[in-house]
Amino acid sequence: MSPVERSYLGVPINKPKVAFFEMSSCEGCQLQMLNNEASLLDFLSLVEVVNFREAMTEKGHDYQIAFVEGSITRSDEIDRLKKIRKQADTLVAIGSCACFGGVNQLKNRFELDWVKKEVYGDYPIDTRKVEPLSAHVTVDLEIYGCPIKKEEVERIVTNLVLGKSIEHPKYPICVECKENHNVCLYDLGEPCLGPVTRAGCDSWCPSNRLGCWGCRGPVDEANVTQLKEIMAQHNFTMEQMLDRMECFGGFSEYITEMKK
Amino acid sequence: MNKLPFIDVLAGKEEHGRKSDLASFEYTYQAEITNVYSLTNTEKLYQIQIIDPKERQRFCFKPGQFVMLELPGIGEAPFSISSSPLRHGDLELCIRGAGNMTNFLSLVPRGTKVGISGPFGTSFPVEQMYDQNIMLIGGGLGLVPLRAPIFSVLEQRSRYGNIDIIYGSRNPSELLFTYQYDTWRQFDIDLSIIVDEGDETWNGPVGLITSILEERIAAAGDISQNTFAIVCGPPIMFKYVCDMLVKSKMPIQKIFVSLERRMHCGRGKCCRCNIGSTYTCLEGPVFDYWSVLNLKEAI
Amino acid sequence: MKLSCDINVRHLTRVEGHGNIHIKIQDGKVEKASWDVVETPRFFEAIVVGKHWENAPYICGRICGICSIGHTLASIRAIENAFGIIPDKQTSSLRLILKHMETLQSHLLHLYFLAAPDFLNVGSVFPLIESHPDVVQRAARMKLLANDACDIIGGRRMHPTRTVVGGFTMLPEKNQLLQLKSRLEAVVADLLATAELFQTFSFPDFVRETEFVSLKGDKHYPFIGGDLISTDGVIKAEEEYLAMTNEYMVDHSTSKWSRLSRPSFAVGALARVNNNFSLLHPVAQEIAGRFSLNAVNHNPYMLNIAQLLECVHVVLDSISMLDELLDTPWQAPRTPVEPKEGLGVSAVEVPRGILYHAYEFDASGRIVHANCVIPTSQNNANIHYDIIELAHQYTAQGKSDSEIQQLAEMLVRAYDPCISCSVH
Amino acid sequence: MLFRVIARNELENLYDMLAVNHVVGPVSRGDDTPTPMFDFDFVYDFKELRLDFPSTIHSLKRYVLPPKERFCTFTIQDNDWQKDVDLNAHKPIVYFGVHACDINALNKLDKVLSGSVYPDPYYAAKRKNMFVVGINCNPQPYCFCHSMGTDSALHGFDMFLTDLGDDYFVEIHSAQAFDCINKLNSREPDEQDHIRFLEITDKKLKKFTSHVDNTDLTKILDLEFQSESWKEWGKKCFSCGTCAAVCPTCYCYGITENVDMDLQGASKIKQLYSCNLLDFAEVAGGHNFRPDSYTRLKYRYYHKHRGFVEAFEEPLCVGCGRCGEACLAGITVPEVIASVRDKENNNE
Ligand SMILES: Cc1cc2nc3c(=O)[nH]c(=O)nc-3n(C[C@H](O)[C@H](O)[C@H](O)COP(=O)(O)OP(=O)(O)OC[C@H]3O[C@@H](n4cnc5c(N)ncnc54)[C@H](O)[C@@H]3O)c2cc1C
Ligand code: SF4
Ligand code: SF4
Ligand code: SF4
């Protein structure tokens with residue numbers, strides 16, 4: 001199939017060939033793409049999927065946009081990733097694993113040898129320090145979240161196809177939480193990373209009465225120092241705050257500082 | 001029984017062939033891009049005509065005012081009108097590809113429909129300047145808003161004294177409207193151009209705009225009585241140029257500048273363009289230098 | 001007669017995760033036939049060590065995107081078992097409906113998007129959008145309902161937000177449940193149409209005697225907790241799960257393998273149906289008859305049908321649970337949690353089979369040791385032996401390499417393996 | 001203005017009479033919380049109404065200025081398109097139980113949004129279709145409306161109730177309200193009612209504990225533009241915009257345009273913004289006129305307590321105290337202004 005010519009306001013819009021790949025992950029972010037049954041058909045009219053192992057047998061190797069999920073935990077993944085990078089014009093990291101290492105990077109808290117032994121005993125197993133994609137290749141665009149939010153992905157992909165620049169919100173989750181008319185989790189006696197986490201998920205967790213765990217990583221100029229004080233004021237331990245902040249890897253640069 | 005009546009705020013408000021105030025808020029003139037010319041690598045000149053002939057005739061603006069240009073789904077942004085006020089709804093906008101909307105705009109073909117709303121904002125008081133000398137000082141893209149007052153002045157050239165245009169640009173390839181320089185000079189206008197960095201094609205002066213300005217001020221002699229200045233350009237240029245004019249005794253209420261801010265509405269609602277608490281879109285973009293000095297964080 | 005065959009499938013498609021199939025037969029002798037799992041391990045059991053109990057469901061739910069609800073619920077149950085928390089009726093019902101909806105959406109995804117293309121001879125669901133629009137729309141409609149239900153009860157269709165130890169962070173609104181119920185009632189017709197569609201497919205008549213392991217139903221078809229049972233007659237309590245799973249490592253796989261009375265056993269929809277056939281909803285039992293599926297069935301391709309039966313069962317069961325919930329006023333959404341030292345084990349039936357989470361806590365509620373046994377890792381050995389048997393039988397029948405490859409791929413897919421989950 | 005007195009039990013009749021329309025009123029939010037909380041929401045039963053509410057988390061603003069609102073949609077064909085504007089107001093709404101501060105907030109919003117040039121029809125359409133029933137309040141520790149002159153409402157409502165104990169004292173401000181009251185059992189207030197009314201107002205005044213000193217505030221803000229206090233507050237601020245979100249008078253916004261996935265349509269979405277957010281004053285090219293959190297925080301005070309005063313001779317703040325209550329960092333208006341004033345005193 002050749003890309004179907006479409007146009008928007010007289011500007012020709014190509015239907016880009018897109019491929020999906022996964023490194024170490026739960027494959028949930030890819031599934032989110034299939035999970036949008038209400039808009040799946042529109043999505044498929046916008047792009048041509050040439051490679052999506054989780055959903056199709058055919059494998060195409062000429063694609064312009066590669067969506068890569070998962071983090072790097074074994075050396076063969078680096079080679080695969082580099083090949084993908086070579087082929088793709090645009091490499092999009094999807095989900096916290098690809099952007100920050102995700103929950104997988106919690107492994108980095110320990111010595112590799114201990115980790116191997118804890119799970120596999122003496123059986124030899126190949127693994128390495130968990131890294132985000134950007135540790136090995138240039139990532140053109142990051143789509144945050146664990147999991148990614150379908151509405152956000154759809155908007156981003158539409159903009160990508162149109163050639164519009166993609167701006168992530170520069171404000172924290174609190175903005176969306178207020179938009180959703182929620183009661184602040186701190187008032188309900190629960191900790192929340194909303195004030196320091198980049199918005200875009202439409203305050204997914206706080207709207208369900210669960211404090212934010214920071215899966216989308218820090219907002220620009222996150223005021224973590226102040227958050228520490230607030231956690232303390234509300235009688236949450238430093239450990240509780242750290243548990244959340246280190247869960248998805250987005251706050252890694254703050255963690256070392258905080259653990260001192 | 002106590003069902004409250006629903007009040008339709010827009011009903012029956014089309015009076016005298018013009019929209020009511022409320023209905024005009026989100027009203028866009030449908031306009032067509034009739035021509036596009038590349039001026040430099042990044043700037044293009046768009047000729048845009050309001051489609052409805054009646055609306056086109058009714059559309060009036062003053063030099064220095066801006067319009068909001070809308071590309072559905074892509075964005076809406078403010079642009080100074082760069083054409084002569086006499087031409088009503090036959091507009092020329094000179095636009096630099098700076099982001100989303102402006103880059104997409106540079107791709108759309110002739111004949112594409114765009115939305116225009118406005119005109120908005122304050123203008124350069126060219127009537128006040130009758131019988132006086134005018135210095136029009138522009139840096140980079142700052143020449144764009146100067147073009148409308150230049151047209152106005154040229155159209156009534158005999159009503160003004162000496163006219164100086166002082167224009168600075170980073171390098172010769174970024175000079176705008178080069179094709180018009182001769183016409184301007186024919187109208188007895190002193191046009192001085194300086195670039196930060198010359199190249200093989202360039203044999204004019206090289207340096208900062210202030211060095212030329214200094215010369216022009218020296219040539220003009222006393223500018224404390226009968227000279228106005230219109231200044232437009234990047235914030236850093238403003239500061240130096242205005243300082244120099246003030247030092248040379250030009251009264252601050254005779255210096256006019258055009259400021260740029262982020263704008264989402266152009267109608268004094270979104271607050272994005274506020275300086276201190278002044279709406280650039282309502283009380284500006286044209287300010288006299290006294291007001292600028294009064295504004296916190298203006299430049 | 002055909003005597004050799006050589007098949008290598010690298011990164012089998014339309015399954016979750018990375019696995020390879022190798023079959024090499026020379027002169028009628030199987031030289032090699034294997035199912036290798038090459039997924040990269042993520043070491044969940046290690047990464048939760050030292051973490052506070054609250055973290056466990058949140059982190060361990062991320063073992064798998066498809067059955068994240070199952071993992072979350074298993075994790076929560078293990079913690080509750082360790083701390084001695086017994087969920088009230090309201091929480092149990094809501095959790096079970098949530099689980100049902102995950103089962104429904106996962107089975108539907110498998111039946112329509114992953115398995116059906118094989119029977120319709122296409123490479124993916126995408127061409128079916130044009131060739132069989134009504135089928136795709138039906139699938140989308142049903143999946144949407146299941147996903148919406150997960151959103152309403154769990155807060156999110158994947159990696160749920162409302163499910164916590166002690167109950168829920170918040171409850172759905174009653175009118176949401178009412179709407180859900182009427183949508184579920186409407187979906188029954190779609191499921192019957194699905195049954196009709198699958199009746200038009202021809203399932204390979206491959207049989208290999210297998211031991212089937214699942215939860216043991218008591219009065220209800222089992223999904224959350226209870227005793228463990230095998231078709232070979234083994235019965236164990238939930239806490240004795242290790243005696244049921246017997247994990248060991250093999251060379252060519254990063255996933256652990258399991259065995260019980262035989263070198264391998266199977267878990268999943270077919271195992272559940274085989275062990276608890278009489279507890280299925282009568283309508284599901286009736287549909288089973290149409291496919292001549294009786295307990296104990298040893299054809300792994302019938303896993304697809306077992307999934308279909310469960311779809312029917314979970315929808316009808318959810319409707320009756322919703323009726324009850326709608327008739328009773330809401331109780332408090334959650335009970336307070338007091339951590340305790342000790343071990344907590346839970347067994348939960350997730351779409352692909354029985355899942356175990358077990359944690360050991362210190363007195364402050366921090367995890368000292370964790371163990372998760374995933375259905376696909378229990379199935380891996382069985383898939384491996386199935387493939388060997390399949391290679392034997394079909395080579396002997398003289399099928400071509402490509403036919404055998406197709407049948408082998410279909411066989412692996414029938415298990416709906418969740419590989420990244422098995423190598424967690 | 002006309003005055004009437006109705007018996008306490010007539011209130012439900014008033015509600016029922018009005019409830020043929022949609023009703024928004026104060027309801028309880030979070031019974032399982034340490035301190036009871038309230039918010040405005042649609043009400044379907046008189047019993048849900050909590051007219052004794054101290055204050056609500058969010059203000060009424062969201063009903064006239066929704067946090068996200070679709071301004072218009074476009075249908076696109078090739079390089080031609082049509083624009084379809086929807087003001088998103090389709091029904092009149094009764095607001096039952098609104099405190100004076102929130103009524104005054106609406107009056108202030110009116111000045112910018114429907115009073116000045118380019119009146120905003122999206123706002124006007126909702127504002128014109130409001131029927132407001134005010135109710136007297138019970139000042140909370142964080143309320144400083146008295147300092148802002150907004151502790152009583154002179155206009156901007158249809159009727160205003162004051163709880164006299166057994167009766168309600170009713171101020172009637174619109175013909176529609178007059179119609180309603182005439183269908184109830186009501187009477188003219190007598191001498192005794194006047195006394196009771198004054199007593200209650202008097203009691204209320206004594207309850208205010210938070211104050212803001214507004215004397216010469218516009219000038220002081222100019223003088224203290226470089227004050228160190230701003231930086232101190234800036235260090236605490238998350239730039240999270242919560243203050244603006246709960247504020248009944250903050251109205252800034254941003255516009256985003258989105259193209260539908262099928263490329264056949266587009267929409268223009270307005271999102272309420274806040275001057276505290278990082279990119280509020282960023283222009284094309286990336287230059288940010290207010291890059292530091294303290295400059296943005298300061299700007300919010302400037303707009304409210306200086307700029308708006310310059311334009312309309314009153315501050316853009318009704319002293320409801322919501323922003324300070326909602327701010328996790330504990331930044332409150334009385335404290336910020338006091339600290340800035342304090343610097344000024346020290347300088348002398
Ligand atoms: C009164 C006035 C007159 C003007 N006249 C002219 C003129 O005559 N000619 C001309 O070329 N320009 C003119 N401008 C400037 C013009 O308006 C901008 O270049 C235009 O708005 C850019 O729009 P855009 O959608 O292309 O860029 P955008 O994509 O909106 O922005 C470009 C840059 O702005 C930043 N940005 C944008 N949106 C966001 C966001 N949501 N969050 C964070 N950062 C963001 C980014 O750094 C981005 O790179 C004028 C401006 C004003 C106020
Ligand atoms: S609220 Fe926080 S943890 Fe939840 S989805 Fe959003 S960013 Fe992630
Ligand atoms: S003042 Fe408080 S509420 Fe406002 S932006 Fe700063 S931290 Fe957020
Ligand atoms: S204070 Fe800030 S957020 Fe509020 S209206 Fe003013 S500029 Fe907007």
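The next point concerns the sheet that holds strand β10 (residues 227-232) of chain B. Residue and element names in this part refer to chain B. Taken together, the 6 strands give an open sheet; going across it, the order is β9-β8-β7-β10-β11-β12, and neighbouring strands pair in mixed fashion. What marks the edges here is a single partner per strand, and that holds for β9 (189-195) and β12 (286-288). Taking the axes of each pair of neighbouring strands and ignoring which way they run, one obtains an average angle of 15° across the sheet. Contacts from helix α4 (residues 143-155) reach β7 (133-139), β8 (163-169), β9 and β10 within the one sheet, and its direction differs from that of β7 by about 155°.

The gaps left among the atoms become clear once a water-sized probe is rolled over them. Approximately 220 Å³ is the volume found for the largest cavity. Lining the largest cavity are 19 residues, and of these D:K61, D:P67, D:A244, D:A245 and D:L272 lie nearest its centre. Contributing elements (two or more residues each) for the lining of the largest cavity: α7 (173-179) of chain A together with α2 (61-64) and α10 (242-246) of chain D. Here the lining of the largest cavity gets 3 residues from one element, more than from any other, and that element is α7(A). Residue composition of the lining of the largest cavity, grouped by class: 11 nonpolar, 4 polar and 4 charged. If you add up the space inside the second largest cavity, you get close to 170 Å³.

Looking now at the packing of helix α9 (residues 238-245) of chain A against helix α10 (residues 252-259) of chain A. Residue and element names in this part refer to chain A. Between α9 and α10, the shortest axis-to-axis distance is 10 Å and the interhelical angle comes to 155°. Of the possible angle classes, the one that applies to α9 and α10 is roughly antiparallel. Where α9 crosses over α10, the handedness of that crossing is left-handed. Residues M238, M241, L242 and M245 of α9 touch α10, and the partners they reach there are Y254, I255, M258 and K259.

Moving on, we get to the interface of chain A and chain D. Taken residue by residue, the interface counts 42 residues in chain A and 45 residues in chain D. Interface of chain A and chain D: buried area, both sides summed, is about 3600 Å²; carbon and sulfur atoms make up 61% of it. Across the chain A-chain D interface, the total number found is 1 salt bridge. Where A:E179 meets D:K68, a salt bridge forms, and the shortest distance between an N and an O atom there is 3.3 Å. For the interface between chain A and chain D, the tally reads 13 residue pairs in polar contact (both at pLDDT 80 or more). Mapped by element, the contributors of at least two residues to the side of chain A that touches chain D are β1 (6-8), α2 (40-46), α6 (150-162), α7 and α8 (224-233) of chain A. Residue composition of the side of chain A that touches chain D, by class: 18 nonpolar, 12 polar and 12 charged.

What follows concerns the sheet that holds strand β3 (residues 66-71) of chain B. Residues and elements named next belong to chain B. Strand order across the open sheet formed by 6 strands is β4-β3-β6-β1-β2-β5, with antiparallel pairing between neighbours. One side of each edge strand has no neighbouring strand; the edge strands of this open sheet are β4 (75-80) and β5 (90-96). Averaged over neighbouring strand pairs, the angle between their axes works out to 40° when direction is ignored.

Before going further, it helps to examine the packing of aromatic side chains. What the rule picks out here adds up to 48 aromatic pairs over all chains. With a centroid separation of 5.8 Å and 85° between ring planes, the pair formed by A:Y171 and D:Y273 is classed as edge-to-face. Taken together, the residues A:Y171 in the loop between α6 and α7 and D:Y273 in the loop between β12 (265-272) and α11 (293-312) connect one chain to another. Accessibility assignment for this pair places A:Y171 and D:Y273 in one class, buried. Ring geometry for C:W53 and C:F83: centres 5.8 Å apart, planes at 85°, overall edge-to-face. Of this pair, C:W53 sits in the loop between α1 (44-47) and α2 (55-60) while C:F83 is found in helix α3 (residues 68-83), placing the two residues 30 residues apart along the sequence.

Before going further, it helps to spend a moment on the interface of chain A and chain C. Each side of the interface is counted separately: chain A has 59 residues, and chain C has 66 residues. There are 4 salt bridges connecting chain A and chain C. A:E190 is the partner of C:R334 in a salt bridge, and the nearest nitrogen-oxygen pair spans 3.2 Å. Remark: the boundary between chain A and chain C carries 17 residue pairs in polar contact (both at pLDDT 80 or more). Here the side of chain A that touches chain C gets 6 residues from one element, more than from any other, and that element is helix α5 (residues 112-120) of chain A. Partitioned by chemical class, the residues of the side of chain A that touches chain C number 27 nonpolar, 12 polar and 20 charged.

Looking at the secondary structure, you find C:K236 in strand β8 (residues 235-236). Separated by 20 residues in the primary sequence, C:K236 and C:K216 place their C-alpha atoms 9.4 Å from one another.

Once that is clear, we can look at α9(A). A:M241, A:L242, A:D243, A:R244 and A:M245 are the residues of α9(A) that are buried. Check the buried side of α9(A) and you find it contacts α8 and α10 of chain A together with α2 of chain C.

Another aspect to go through is the site of ligand 2. Around ligand 2 there are 13 residues in total, and A:C201, A:C205, A:C212, A:W213 and A:C215 lie nearest to it. More than a single chain frames ligand 2: its nearby residues are located in chains A and C. Its residues placed into classes, the shell around ligand 2 shows 9 nonpolar, 2 polar and 2 charged.

All names here are of chain A. Tracing the sequence through the fold places T197 in the loop between α7 and α8. Residue class for T197 comes out buried when judged on its relative accessible area of 1%. What T197 contacts, discounting residues up to four positions off in sequence, is Y171, P172, I173, C212, G214, R216, G217, P218, V219 and F251.

Residues and elements named next belong to chain D. Domains assigned within chain D are domain 1 (2-65 + 82-205) and domain 2 (217-252 + 272-340). The distance between the C-alpha centroids of domain 1 and domain 2 comes to 27 Å. Contact with domain 1, which involves 23 residues of that partner, is made by 24 residues of domain 2. In total, domain 1 and domain 2 occlude about 2000 Å² of area from one another, counting both sides; carbon and sulfur atoms represent 65% of this. The three residues of domain 1 that bury the most area against domain 2 are K61, K108 and F144, which together make up 31% of that side's buried surface.

Another point: the pattern of salt bridges. According to the stated counting rule, one finds 64 salt bridges over all chains in the structure shown. For the salt bridge of B:D188 with B:R157, the shortest nitrogen-to-oxygen distance reads 3.9 Å. Of this pair, B:D188 sits in the loop between α5 (181-186) and β9 while B:R157 is found in the loop between α4 and β8, placing the two residues 31 residues apart along the sequence. Assessed through its relative accessible area of 58%, B:D188 is described here as exposed. Given a relative accessible area of 13%, B:R157 falls into the buried group. A single network of salt bridges, built from pairs that share partners, joins B:E26, B:E70, B:E76, D:K83 and D:K268.

A separate point is the pairing of strand β6 (residues 90-94) of chain A. All names here are of chain A. Among the 5 residues that make up β6, 5 are buried, leaving the element largely enclosed by the rest of the structure. Every second residue of β6 is oriented toward a common face, with T90, V92 and I94 on one face and L91 and A93 on the other, all of them buried. Sheet topology places strand β5 (residues 65-69) next to β6; 5 bridges connect them, and they run parallel. When the sheet's bridge partners are listed, I65 is paired in β6 with T90. Since β5 and β6 lie parallel, the crossover through helix α3 (residues 75-87) that links them has a hand, and here it is right-handed. Pairing geometry for β6 and strand β7 (residues 141-143), over 3 bridges, is parallel. Counterpart to I94 in the pairing with β7 is I143.

Definitions and limits used
- Residues numbered from 1 in each chain as written.
- Chains lettered and ligands numbered in written order.
- Predicted model: local features only at pLDDT ≥ 70, side-chain atom pairs only at ≥ 80, totals over all residues.
- Heavy atoms only, no water.
- Pairing = 2+ DSSP bridges.
- Helix = DSSP H or I, 4+ residues; strand = E, 2+ residues; numbered from the N terminus.
- Axes fitted to C-alpha atoms, helices over the stretch in contact; angles between N-to-C directions.
- Contact = heavy atoms within 4.5 Å.
- 1 Å grid on protein atoms, 1.4 Å probe; cavity = no way out; pocket = protein on both sides within 12 Å on 5 of 7 lines; lining within 4 Å.
- Points joined across faces, edges and corners; volume = space filled by probe spheres on them.
- Nonpolar A, V, L, I, M, F, W, Y, C, P; charged D, E, K, R; others polar.
- Parallel < 35°, antiparallel > 145°, perpendicular 65-115°, else oblique.
- Left-handed = near helix turned anticlockwise from the far one by under 90°.
- Buried area = accessible area lost by both parts, 1.4 Å probe.
- Salt bridge = Lys/Arg side-chain N within 4 Å of Asp/Glu carboxyl O.
- Polar contact = N/O pair within 3.5 Å; in protein donor to acceptor, adjacent residues only side chain to side chain.
- Phe/Tyr/Trp six-rings, centres within 6.5 Å; stacked < 30°, edge-to-face > 60°.
- Buried < 20%, exposed > 50% of the residue type's maximum accessible area, 1.4 Å probe, protein only.
- Near = heavy atom within 4 Å.
- Domains from an automatic or database assignment.
- Right-handed = clockwise from strand over helix to strand, strands pointing away.

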